[in-house]
Amino acid sequence: MLDFFAIFSRGGALLWTLNFTALRHNPVDALNALVRSCLMEERSGVNTFTYMPKTGSHQALKWTFHNGLGLVFVAVYQKALSLMYVDELLQLVKQDFTAHYYKPNEFSYPTFEEQFVRLLKQCEARAEDVKKAPPPAPNSRNLDAVKNKASQRTANASHSQLGNAKGSSKGDSKGNGEG
């Protein structure tokens, strides 16, 4: 479960937030730590940060940018949890918010909460479906490769046994012919 979600501009304006749980610390502290530790340093390829508050559990912060508009979308959740849907949620929120809600020089988006909750439920439901789904069947190429390896092992084993059988029958015929 998410603890917090935020959208802010690279200039530092906090545009929209949603708290999901009562935290022992101010969630903005986690965002400030993210900005100081990762975003200001412009670490390329990194999109996850661990925040260690003075009280409470460690939190994972995952984010994505909309470079054209200078926006940052951040999902905050307990680091101990493995939320499979966070990346998808970040992408969907970024697409939806920028396409339908964002207006330059506007700093309040109260109508976005309802849409965000819909997107969150959609992502959570998909993640549940993936968890419940049976493991994927091997594709035909992989299945053929497995069958070929198994056939080869069987042929090699048969060949080895045949060689041993021939060796023992030769020994028998020598023993029978000499006696």
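Rules used throughout
Residues numbered from 1 in each chain as written. Predicted model: local features only at pLDDT ≥ 70, side-chain atom pairs only at ≥ 80, totals over all residues. Heavy atoms only, no water. Salt bridge = Lys/Arg side-chain N within 4 Å of Asp/Glu carboxyl O. Helix = DSSP H or I, 4+ residues; strand = E, 2+ residues; numbered from the N terminus. Phe/Tyr/Trp six-rings, centres within 6.5 Å; stacked < 30°, edge-to-face > 60°. Lys NZ or Arg CZ within 6 Å of the ring centre and 35° of its normal.

A.B. asks: Can you break down the pattern of salt bridges residue by residue, with the values?
C.D. replies: Side-chain pairs of opposite charge can arise whenever the charged atoms involved come near each other. Counting across every chain of the model gives three salt bridges. Arginine 118 is the partner of glutamate 114 in a salt bridge, and the nearest nitrogen-oxygen pair spans 3.4 Å. Residue glutamate 114 and its partner arginine 118 are both found in helix α3 (residues 112-132); the two are separated by four residues, about one turn of the helix.

A.B. asks: Break down the packing of aromatic side chains for me, with residues and values.
C.D. replies: Evaluated as defined, the whole model comprises twelve aromatic pairs. For the ring pair phenylalanine 20 and phenylalanine 116, a centre distance of 6.1 Å and an interplane angle of 40° mean the geometry is tilted. Here phenylalanine 116 lies in helix α3 and phenylalanine 20 lies in the loop between β2 (14-19) and α1 (27-39), a separation of 96 residues in the sequence. Pairwise contacts between aromatic rings join Phe5, Trp16, Phe20, Phe73, Phe97, Tyr101, Tyr102, Tyr109, Phe112 and Phe116 into one cluster. Of note, arginine 10 hangs over the ring of phenylalanine 65, and the distance from its end group to the ring centre comes to 4.0 Å.

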